[in-house]
Amino acid sequence: MPLAIDSTAFAPGAAIPARHTCEGEDVSPPLRFSGVPAAARALALVVDDPDAPDPAAPRTVWSHWILYDLPPATPGLAEGVEAAALPPGAREGLNDWKRTGYGGPCPPIGRHRYFFTLYALDAPLGDLGRPTRARVLEALRGHVLEQAQLMGTYQKRGR
């Protein structure tokens, strides 16, 4: 079975409920992981928006959540998971709001795509300090056994 990530909050390609955005409670959606390869020694999760700031003229990839060194046996993450409730050994990177933790969709204009990318790694990345998305992606290069994605969309009401 290949590596997979899904959510009970939204189907692949569907709209992310407002509860998980800046127009709602801004809590992370529940996520389920499956098919983690036996050789995996860690997991990483990167949530980003490649459509920022405007899907008609994207200029940057906006990072919403960076987690790494999750134990490979992690079955997923609960809705609204806080740092203290992350699995032992899990580490957080900085999102583009320059803080750790989940920051939900909050697009200034148009319907954006949000990619929840799960990586199965052959080794933990170790303490990278408070890394950015770019730093985590650089560190996992050469260590990815498999990756899986869940994509959801969001557009602010009335925009």
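Summary of the structure given here. (Residues numbered from 1 in each chain as written. Predicted model: local features only at pLDDT ≥ 70, side-chain atom pairs only at ≥ 80, totals over all residues. Heavy atoms only, no water.)

### Side note on the overall build of the protein
Selection criterion: Every helix listed is a DSSP run of H or I at least four residues long, and every strand listed is a run of E at least two residues long, numbered separately from the N terminus. Our radius of gyration is a C-alpha quantity, and the globule rule it is checked against amounts to 2.2 Å times the number of residues to the power 0.38. Remark: exposure states derive from per-residue accessible area (1.4 Å probe, protein chains only) relative to the maximum for the residue type, with buried under 20%, exposed over 50%, and partly exposed in between. Asp and Glu are treated as the negative residues and Lys and Arg as the positive ones, with His and the ends of the chain left uncounted. For the purpose of locating charges, the reference atoms are NZ of Lys, CZ of Arg, CG of Asp and CD of Glu.
Of regular secondary structure, the protein possesses one helix and eight strands. Counted from the first residue to the last, the protein has its helices and strands arranged as β-β-β-β-β-β-β-α-β. Computed over its C-alpha atoms, the radius of gyration of the protein comes to 15 Å, within 12% of the 15 Å expected for a compact globule of 159 residues. For the C-alpha atoms alone, the extent of the protein along its principal axes is close to 45 × 30 × 30 Å. For the protein, buried positions account for 45% of its 159 residues. Of the side chains in the protein, 16 bear a positive and 17 a negative charge, and the two mean positions are spaced by 3 Å.

### Some remarks on the packing of aromatic side chains
We count it as follows: Stacked, tilted and edge-to-face pairs are distinguished by plane angle, under 30 degrees for stacked and over 60 for edge-to-face with tilted covering the rest, among Phe, Tyr and Trp rings (Trp via its six-membered ring) whose centres lie within 6.5 Å.
Taken as a whole and assessed by the stated rule, the structure comprises three aromatic pairs. With centroids separated by 5.5 Å and ring planes inclined at 75 degrees, the aromatic side chains of Trp62 and Trp97 adopt a geometry described as edge-to-face. Note that Trp62 is positioned in strand S4 (residues 60-70) and Trp97 in the loop between strand S6 (91-92) and strand S7 (112-121), a separation of 35 residues in sequence. A relative accessible area of 27% means that Trp62 is categorised as partly exposed. When the centroid spacing of 5.4 Å and the interplanar angle of 80 degrees are considered together, the rings of Trp65 and Tyr102 count as edge-to-face.

### Focus: the sheet that holds strand S2 (residues 31-34)
The criterion, for reference: Two strands are counted as paired when DSSP detects at least two bridges linking them.
The antiparallel open sheet is built from three strands, whose spatial order is S1-S2-S5. Edge positions in the sheet fall to strand S1 (4-6) and strand S5 (76-77), since each of these pairs with one other strand and no more.

### Quick notes on the nonpolar core
Cut-off, in case you're wondering: As used in this record, nonpolar core signifies buried Ala, Val, Leu, Ile, Met, Phe, Trp, Tyr and Cys residues forming a set joined through side-chain atoms within 4.5 Å. In what follows, a contact means two residues having at least one pair of non-hydrogen atoms within 4.5 Å.
One finds Ile5, Leu31, Phe33, Leu45, Trp65, Leu77 and Phe116 to be the most contacted residues of the largest nonpolar core, which totals 24 residues. Elements represented by at least two residues in this core include exactly S2, strand S3 (42-52), S4, S7 and strand S8 (144-154). When residues of this core are assigned to their parent elements, the largest contribution, four residues, is made by S7. Sequence-distant contacts of Phe33, that is, excluding residues within four places in its chain, are made with Ala4, Ile5, Leu43, Leu70, Thr74, Pro75, Gly76, Leu77 and Leu118. Ranked by size, the runner-up nonpolar core spans 12 residues in total, among them Val46, Tyr119, Leu125 and Ala139.

### Some words on the sheet that holds S4
Strand order in the open sheet made by the five strands is S6-S4-S3-S7-S8, with antiparallel pairing throughout. If you trace the sheet from one side to the other, it starts and ends with S6 and S8, each paired once. Where S3 lies against S4, seven bridges are found, and the strand directions are antiparallel. Bridge pairing links Leu45 to Leu67 in S4.

### Quick look at the pairing of S2
Of the two faces of S2, the one lined by Leu31 and Phe33 is fully buried and the one lined by Arg32 and Ser34 carries no buried residue. In the sheet, S1 pairs with S2 via three bridges, with the strands oriented antiparallel. Bridging across to S2, Asp6 finds its partner in Arg32.

No statement about biological role is implied by the geometric values presented.
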